[in-house]
Amino acid sequence: MAILSIRIIGDPVLRTVAEEVTTFGPELAKLIDDMHQTMVDVRGAGLAAPQIGVNKRIFTYSVDGEEGCVINPVLVASDDMAAAEPEGCLSVPGLGFTVERHRWVRITGVDVHGEPIDMEATGTLAKCFQHETDHLDGKLYVDRLEGEDRKEALRAIRMANYDDVTAETVAQRARTVGSAFSAGAAE
Ligand code: NI
């Protein structure tokens, strides 16, 4: 297994709609193992494949003792929203902002073997599934901010000059930020 470097906002792969996974086998299994290990290493609650530069519809998650991987996820969400809570993202290190998310989701997709997944989630896990699925559509949580929060986020992103940040520093920042969130981790 390997720890992969995490792509930072500004990288075009984070803004690309990821492709469906159609090939299952040892290569996919290794990728998912590496993603899982990377996510654990940076104490993330979730990690989407574009965040490690792979343009595929895959994410891993680890929330409140529940962990796994969803491939080709499809979300159905409740109309009502959860209480807004701060969120972070490994690809936008050093920041955290409050985001509105749907209270409940049903997620379907397949696992590493291509077997169907069908889960329902509320709470932090539901937020994680929404955050990670957004990544696969080229969206970052800061896109969902409005008003002053949005201005503040854009200003902070400009100031951070992420282009100069090495992968190692990013991982360290991610750890620091991760531990600062109410959910216990960035995604
Ligand atoms: Ni994220």
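Everything here concerns the structure above.
Please read these numbers as outputs of a predicted model, since none were measured by experiment. (Residues numbered from 1 in each chain as written. Predicted model: local features only at pLDDT ≥ 70, side-chain atom pairs only at ≥ 80, totals over all residues. Heavy atoms only, no water.)

*Asks:* Can you help me understand the pairing of strand β6 (residues 104–110) in this one?
*Replies:* In summary, the side chains of a regular strand alternate between the two faces of the sheet. Taken together, the 5 bridges between strand β3 (residues 66–77) and β6 define a ladder with antiparallel strand orientation. In the sheet register, Val-74 faces β6, and the bridge partner there is Thr-108. The sheet contact formed by β6 and strand β7 (residues 116–122) spans 7 bridges and is antiparallel. Counterpart to Ile-107 in the pairing with β7 is Met-119. Linking β6 back to β7 in an antiparallel pair, the connection comprises 5 residues, with Gly-114 at a positive phi of about 85°. (Pairing = 2+ DSSP bridges. Helix = DSSP H or I, 4+ residues; strand = E, 2+ residues; numbered from the N terminus.)

*Asks:* Quick question: what am I supposed to make of unusual backbone geometry here?
*Replies:* Among all residues save glycine, negative phi is the norm, and among peptide bonds the norm is trans. Positive phi values are uncommon outside glycine, yet Arg-43 reaches one of about 55°. By secondary structure assignment, the location of Arg-43 is in the loop between α1 (26–41) and β1 (46–48). Take Arg-43: its relative accessible area is 46%, and that puts it in the partly exposed class. At Asp-64, a residue that is not glycine, the phi angle is positive and equals roughly 50°. Take Asp-64: its relative accessible area is 67%, and that puts it in the exposed class. (Buried < 20%, exposed > 50% of the residue type's maximum accessible area, 1.4 Å probe, protein only.)

*Asks:* Hey, could you run me through helix α2 (residues 123–136) in this one?
*Replies:* Relative to the 20 Å expected for 14 residues at 1.5 Å per residue, α2 spans 21 Å between its end C-alpha atoms, a close match to the ideal helical length. In terms of burial, α2 is largely enclosed, as 13 of its 14 residues are buried. Trailing α2 by a residue or two, Gly-138 shows a phi angle of about 80°, which is positive. (Expected span 1.5 Å × (residues − 1).)

*Asks:* Which parts of the structure should I look at to understand the pattern of salt bridges?
*Replies:* Opposite charge on two side chains makes pairing possible when the charged atoms of those side chains draw close. By the definition in use, this model includes 12 salt bridges. The partner of Lys-30 in a salt bridge is Asp-34, and the shortest N-O contact between them spans 2.7 Å. Taken together, the residues Lys-30 and Asp-34, both in helix α1 and 4 residues apart, mark about one turn of the helix. In this structure, Glu-87 and Arg-101 form a salt bridge, with 2.8 Å as the shortest nitrogen-oxygen distance. (Salt bridge = Lys/Arg side-chain N within 4 Å of Asp/Glu carboxyl O.)

*Asks:* In this structure, what is going on with the pairing of strand β2 (residues 58–63)? I would like to understand it.
*Replies:* Of all 6 residues that make up β2, 5 are buried, and the element is covered over most of its length. By the bridge criterion, 3 bridges tie β1 to β2 in an arrangement that is antiparallel. Of the residues in β2, the one forming a bridge with Ala-48 is Phe-59. Sheet analysis places β2 next to β3, joined by 6 bridges and oriented antiparallel. Looking across to β3, one finds that Ile-58 is bridged to Ile-71. Linking β2 back to β3 in an antiparallel pair, the connection comprises 2 residues, with Asp-64 at a positive phi of about 50°.

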